[in-house]
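Close look at the chain arrangement
Here is how the chains run, residue by residue.
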Amino acid sequence: MKKQILFAFLVCTCANFIFGQSANLKKHVIYPSFVRLPIKPVVEDANRTYSIVSSNSESLTSAFPQNYFESKININGFTKLERDAYLTINSTLLDVNITSTDIERRTKTEKDKDGNEKSYTEYRGIVNYTTDGRVTIKSVDENLNYLLTYKDELKKEGDWTRNYKSAATYVKSMNYRTLRMEYVKSVIDNLNFRVNELYGYVPIKPMRLFWILNSKKHPENPAQKEAWSTIEAAFKGMKAQEPVNGVKESLQPAISYFESIPGKYPGDDKKSKKLRYGAYYNLGHIYLLLDDIENAKIYGNKIIENDYDKGDGKRLIKRADQLAELFDKNQVNTRHFEIITEDKTGFNAVEANQVADNNQEDEEEFDAANHPDYSLSYIMMQSGDTLAGYVNMTKLTSLYNKLSVFVKDFEGKTVPRTIAASEVDMVVFGNGEKLYTIPFKEAAEAVTLNKANTGHKFVKRLYSSKYFKLYQFRNNELVIMQKGSKAGESTLSTKWALGFRKQLGAMLGETCPDLGERVKEKEFRNNSEDLIAFMKAYKECMDE
């Protein structure tokens, strides 16, 4: 009898040890290859032809060799013809117009080694100019018709300097020739991106995430590492223009392993749920990358039913549905097939470095990848895709509703792209800092312009719970996002600045009366530390 009791005790102890181990999951990254399908596809192979008709201003294009503009516009998976193509891209770009120039001044103070303050003047060159132009894309049967406009009021600003002559030199350097070249190249970059997004079949290698156990003492740790090695090797061998059969076969050991996890950990405790979540997540994304939409959705639903992170399940199902829609539009069932891109115009002989200039040498091409101010960052888009690009790290605090980033083009060169905050979910910068995007009315905008912009802006997250999120906009503006709200509220707005306690009380409503008394007693002030303390207290109250 004693032996039976001892045996039962040991079994229980062993089970408690195994299931008591932490189940921390760590993100792992792969870069699979596949063809990005167009959102407005030309389904018939015979119709995948295009030609460029340039009616651009002669003064605008005088710094470039003949046919430069036409040579730089390319649609992946299409044949470029000089005439009689299915698609015609007609460009009409007018000359840039410099509207004003100025040298801005500001006075600053600094302390010398003896602690005495002295003032000095800084200067910055400013050039204001306008652009105007349009590009139309039409098919011969008029089934496709698209318009792009390039009309804008722009400003070039130099760096602040104590040297007036340096600021004046900057203004002089921003002459018509420089601005024309920048304008033409920016239109080319934007147009190439848009036509390939709409019609092109572009091989890409985006970042995709997997969740792998990171608890060394957990009994599943060795098997999880082996499964990750299998996944990593399989997707390294994936080719955009080759079928996925071989990749799927290579993945089978990892698929079988993750399929075994739910049966081994059926419990309702958090650690078991987390292990099942990781297995379902990895299986769902494996199947999605294998273009198996139905199985991807099955595991999306399993994530939701598992009730550990329902949002990831919903996002997986959404991405699977979006892929199904693209398959239907393109009349395909895979993102892996041969792509044929041809140029029958002879324009390719025009090189980017053949820009004509009788007065000065060619400018050295800007390389963001090797510039000390730029760092590789990752932009998580609202669409679910992740974009890698180089961002100027010295300008993070000035981000508003647009992000300037250098991305790799189809030739492997870094080219500029501007992304609206409304397209972005989160940005992870090279220094580890993260910025999110939320819609809210900026207080300063409302005061200075007598109106407020409720659009998305880049913000830093200071605190997050299922009830409240607190963000910081630029350096000093705090923004609260309450559960169920469609937009954030700036605590620098008039109603918050003049009625801070009233607004906190309104957010509480009839809940947490003790916390409401603390608000009335002026325990909380309008700063990040007190607001976080308030939000934590609210969470404790609601979770009791």
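Shown above is the structure to which this text applies.
Okay, so let's go over this structure. The structure displayed is predicted, hence computed values, not measured ones.

Any two side chains of opposite charge can pair, so long as their charged atoms come close to each other. Under the definition given, this model contains 23 salt bridges. Put simply, Glu 122 and Arg 106 hold a salt bridge, and the shortest N to O gap is 2.7 Å. Of this pair, Glu 122 sits in strand E7 (residues 117-131) while Arg 106 sits in strand E6 (residues 97-111), and the two are 16 residues apart along the sequence. A salt bridge links Arg 124 to Glu 157; its shortest N-O distance comes to 3.6 Å. With Arg 124 in strand E7 and Glu 157 in strand E10 (residues 152-157), this residue pair connects regions lying 33 residues apart in the sequence. Note on Arg 124: relative accessible area 15%, which makes it buried.

A sheet is described by the order of its strands in space; here six strands give the open sequence E9-E8-E5-E3-E4-E13, paired in mixed fashion. Edge positions in the sheet fall to strand E9 (145-149) and strand E13 (342-343), since each of these pairs with one other strand and no more. Sheet topology places strand E8 (residues 133-139) next to E9; five bridges connect them, and they run antiparallel. Bridge pairing links Arg 134 to Thr 149 in E9.

Turning next to unusual backbone geometry. Phi at Asp 291 is positive, roughly 65°, even though this residue is not glycine. Mapping Asp 291 onto the fold places it in the loop between helix H8 (270-289) and helix H9 (293-306). By relative accessible area, which is 10% here, Asp 291 ends up buried. Unusually for a residue other than glycine, Cys 512 sits at a positive phi of about 50°. Here Cys 512 shows up in the loop between helix H13 (500-508) and helix H14 (513-520).

Attention now moves to the side chain of Arg 48. With respect to the element layout, Arg 48 can be found in the loop between strand E2 (34-36) and strand E3 (49-54). Using a relative accessible area of 17% as the deciding quantity, one classes Arg 48 as buried. Separated by 3.1 Å, the side chains of Arg 48 and Tyr 201 make a polar contact. In contact with Arg 48, other than residues within four places in its own chain, are Val 42, Val 43, Gly 77, Phe 78, Thr 79 and Tyr 201.

We now examine the sheet that holds E10. Taken in spatial order, the three strands of this open sheet run E6-E7-E10, and their pairing is antiparallel. Two strands in the sheet have a free side with no partner beyond their single neighbour: E6 and E10. Shown here is a sheet whose adjacent strand axes are inclined to one another by a mean of 25°, direction ignored. Relative to E7, E6 is paired through 14 bridges, and the arrangement is antiparallel.

The rules we used
Residues numbered from 1 in each chain as written. Predicted model: local features only at pLDDT ≥ 70, side-chain atom pairs only at ≥ 80, totals over all residues. Heavy atoms only, no water. Salt bridge = Lys/Arg side-chain N within 4 Å of Asp/Glu carboxyl O. Helix = DSSP H or I, 4+ residues; strand = E, 2+ residues; numbered from the N terminus. Buried < 20%, exposed > 50% of the residue type's maximum accessible area, 1.4 Å probe, protein only. Pairing = 2+ DSSP bridges. Polar contact = N/O pair within 3.5 Å; in protein donor to acceptor, adjacent residues only side chain to side chain. Contact = heavy atoms within 4.5 Å. Axes fitted to C-alpha atoms, helices over the stretch in contact; angles between N-to-C directions.

None of this, on its own, says anything about what the molecule does.
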